[in-house]
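Listed here are the chains, written in short residue letters.
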Amino acid sequence: MNAPDTHLLARCAARRRSLAAQMAQAGGGLAIVPTAPEVMRNRDADYPYRHDSYFYYLTGFTEPQSLLAVAVEADGTMHSTLFCRPKDVEREIWDGFRYGPDAARDAFGVDAALSIAQLDAELPRLMADRAAIWWPFATHSGFETRVEGWLSAVRGQARAGRRAPSAQYDLCAALDEMRLFKDDYELSVLRRAAAISADGHRRAMQAAARGTRQPPPEGLREYHLEAELLRAFRAGGAQSPAYGSIVAAGANACVLHYRADRAAVRADDLVLIDAACELDGYASDITRTFPAGGRFSGPQRQLYDIVLEAQLAALAATRAGVRFNGPHDAALRILAQGLLDVGLISRDVAPDVDAVIATGAYRRFYMHRTSHWMGMDVHDCGDYAEPGEAPETLPDGTRRPPARILRPGMVLTIEPGLYVRAADDIPAAFHDIGIRIEDDVAVRETDCEVLTHAAPKLVAEIESLMRD
């Protein structure tokens, strides 16, 4: 058993107080926060368990079969109850340590803890005579049925003078806004996760260089490079990958959600790796593209330089006060100009950068956005539109809310790319080249902190690492 991190638990308690303050402004009520269910993989084998992010954010508790209930009065007075598995020495022989309610209450700083077996009896009691209930809508399949059951049980006590809550609120709306801003503790975990992930990328680059010079008996394969990543993640102390690792050689790099497989990695291939670890409940997200043999060819270098310039422009545009779409717009102009310069977009189709963007001609080669929020989830929660601002009218007449204003403590990715599939109208030298460069950044007042800086991305850095 590892003792819970006291710094984390102090922040979980502060988060519960912050949630309670928001609930009190709406008249109070009961917040109900379930964790994720265990999922069967096949027969009697489970998928590796991963807690629900909202639940962990408020508790720091990682055991399955758990739920947090937070009762809040109109004056902000709060009482938290953790439901968890009972202590069971016999099951611990098979499944490992479990806290049990008494130890969980003391260790995790909640006001009360009960066995999860008491949930259906206790939830109606906690709901009764509350003005509202707050729970995460549409996040756990079937949970709404359980909520309805608890409400029905309260209504069944009407003759005894008990009243059921008359309002329901989506708990995600309150917690998403809280989670969007990372505190110093969260940033420290994200930095450590980024450092572990960056080490994995360096090792994968070196393994590619070794494997193309002295191939294993079956030839160098994508899964050999994935193995280097996974080893680095676990050796660095991370619990798991943050998402399915993309290790894509050659034409596979033009498949955005490709998963590492057994495809051969040849010396003249570019390899795109989008892979990172999760550490203590927080994700990282890195993409690097490099030549398997250690040196970029002419066409590879041409396109790589365009993507790198676009990424650097987007990073320079990432700071407090800029709209969320500012980095994307900065990257897009560089990519559009580059596509014109190398002839992948004909000037007969779009004569200049503005035309490339206006006509959407670039989307053939760049079909995704440049950023997403990052944190406990690799695609983290948080509104991409600025709260409280009226929708704006676009040139085509459609209306859209203005993009979010970046503020200190927000964490996002910066990940432009170019993907050139083989086609009759594409010069053969550019066929099947896929490039993406992705970093995680924390917004600051005048600039951003690149959390994933230790993963090489300059051409000289990559070629030197792989040569040495």
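Given the structure is predicted, the values throughout are model-derived calculations rather than measurements.

Here's the deal with the sheet that holds strand β14 (residues 287-291)
Next up, step 1: Here 3 strands make up an open sheet; going across it, the order is β10-β11-β14 and the pairing antiparallel. This sheet does not close on itself; its edge strands, each paired only once, are β10 (246-249) and β14. Geometrically, the sheet is characterised by an average inter-axis angle of 15° between neighbouring strands, direction not taken into account.

Concerning the nonpolar core
A general trend in soluble globular proteins is that nonpolar side chains are found buried together.
Next up, step 1: Leu225, Val271, Phe290, Leu303, Leu344 and Leu418 are the most contacted members of the largest nonpolar core, which totals 128 residues.
Next up, step 2: The element best represented in this core is helix α8 (residues 184-213), accounting for 12 residues.
Next up, step 3: The residues touching Phe290, leaving out its near neighbours within four places in the chain, are Ala204, Met205, Ala208, Leu225, Asp269, Leu270, Val271, Ile273, Phe296, Ile462 and Met466.

What about the sheet that holds strand β20 (residues 439-443)?
Next up, step 1: Taken together, 3 strands build an open sheet; the order of strands is β17-β20-β21 and the sheet is antiparallel. With one partner strand each, in any of the chains shown, β17 (411-414) and β21 (448-450) form the two edges of the open sheet. Strand after strand, the sheet turns through a mean of 35° between neighbouring axes, direction not considered.
Next up, step 2: Two elements, β20 and β21, share 3 bridges in a ladder whose sense is antiparallel. Paired with Ala442 across the strands is Glu449, a residue of β21.

As for the pattern of salt bridges
Next up, step 1: Applying the stated rule across the entire model yields 34 salt bridges.
Next up, step 2: Of the charged contacts in the structure, one is a salt bridge between Arg105 and Asp102, with a shortest N-O distance of 3.6 Å. Of this pair, Arg105 and Asp102 both sit in helix α4 (residues 100-108), separated by 3 residues, roughly a single helical turn.
Next up, step 3: Given a relative accessible area of 29%, Arg105 falls into the partly exposed group.
Next up, step 4: Between Arg407 and Glu386 there is a salt bridge, with the nearest N and O atoms lying 3.0 Å from each other. Of the two residues, Arg407 is situated in the loop between β16 (399-400) and β17 and Glu386 in the loop between α12 (353-359) and β15 (392-393); the sequence distance between them amounts to 21 residues.
Next up, step 5: Residue classification places Arg407 among the partly exposed positions, given a relative accessible area of 29%.
Next up, step 6: A single network of salt bridges, built from pairs that share partners, joins Arg11, Arg15, Asp183 and Glu186.

A look at the layout of surface pockets
Next up, step 1: Each pocket or cavity is described by its volume, and for the largest pocket that value is around 1300 Å³.
Next up, step 2: For the largest pocket, the lining is made up of 42 residues, of which Tyr49, His51, Thr62, Glu63 and Gln239 are closest to its centre.
Next up, step 3: Among the secondary structure elements, those contributing two or more residues to the lining of the largest pocket are α1 (6-25), α8 and β9 (240-241).
Next up, step 4: The calculated volume of the second largest pocket comes to roughly 480 Å³.
Next up, step 5: Forming the walls of the second largest pocket are 16 residues, and the residues nearest its centre are Asn325, His328, Asp329, Arg369 and Arg400.
Next up, step 6: At 4 residues, helix α11 (residues 326-341) tops the list of elements feeding residues into the lining of the second largest pocket.
Next up, step 7: The class makeup of the residues in the lining of the second largest pocket is 9 nonpolar, 2 polar and 5 charged.

Comments concerning unusual backbone geometry
When glycine is set aside, most residues are seen to have a negative phi, and most peptide bonds are trans.
Next up, step 1: Backbone geometry places Gln65, a non-glycine residue, at a positive phi of 55°.
Next up, step 2: Locating Gln65 in the fold gives a position in the loop between α2 (53-59) and β4 (67-72).
Next up, step 3: Of note, the phi angle at Ala138 is positive, near 55°, even though the residue is not glycine.
Next up, step 4: In this fold, Ala138 is placed in the loop between β7 (132-135) and α6 (143-155).

Cut-off values and rules
Sequence order as written defines residue numbering, which begins from 1 separately in each chain. The predicted nature of this model means local features are confined to residues of pLDDT at least 70 and side-chain atom pairs, given and counted, to a pLDDT of 80 or more, with totals for whole chains, interfaces and linings taken over all residues. As a rule here, side-chain values cover all heavy atoms of the structure and leave hydrogens and water aside. When DSSP locates at least two bridges between a pair of strands, those strands are taken to pair. Each helix is a run of DSSP H or I of at least 4 residues and each strand a run of E of at least 2, with the numbering of both proceeding from the N terminus. Here an angle of 0 to 180 degrees is reported between the N-to-C directions of two axes, which are lines fitted to C-alpha atoms, with helices fitted over the stretch in contact. Only buried Ala, Val, Leu, Ile, Met, Phe, Trp, Tyr and Cys residues count toward a nonpolar core, and they belong to the same one when joined by side-chain atoms within 4.5 Å. Buried, partly exposed and exposed residues are distinguished by accessible area as a fraction of the type maximum, computed with a 1.4 Å probe on protein chains only: under 20%, between the cut-offs, and over 50%, respectively. Contacts are assigned to residue pairs that have any heavy atoms within 4.5 Å of one another. We define a salt bridge as a side-chain nitrogen of Lys or Arg found within 4 Å of a carboxyl oxygen belonging to Asp or Glu. Grid spacing is 1 Å over the protein atoms alone, the probe is 1.4 Å, and a cavity is where that probe fits but cannot get out, while a pocket is an open set with protein on both sides within 12 Å along at least five of seven lines and lining residues have an atom within 4 Å of a point. Grid points are joined across faces, edges and corners, and a volume is the space filled by probe spheres set on the points. The nonpolar class holds Ala, Val, Leu, Ile, Met, Phe, Trp, Tyr, Cys and Pro. Asp, Glu, Lys and Arg form the charged class, and all remaining residues, Gly among them, are polar.

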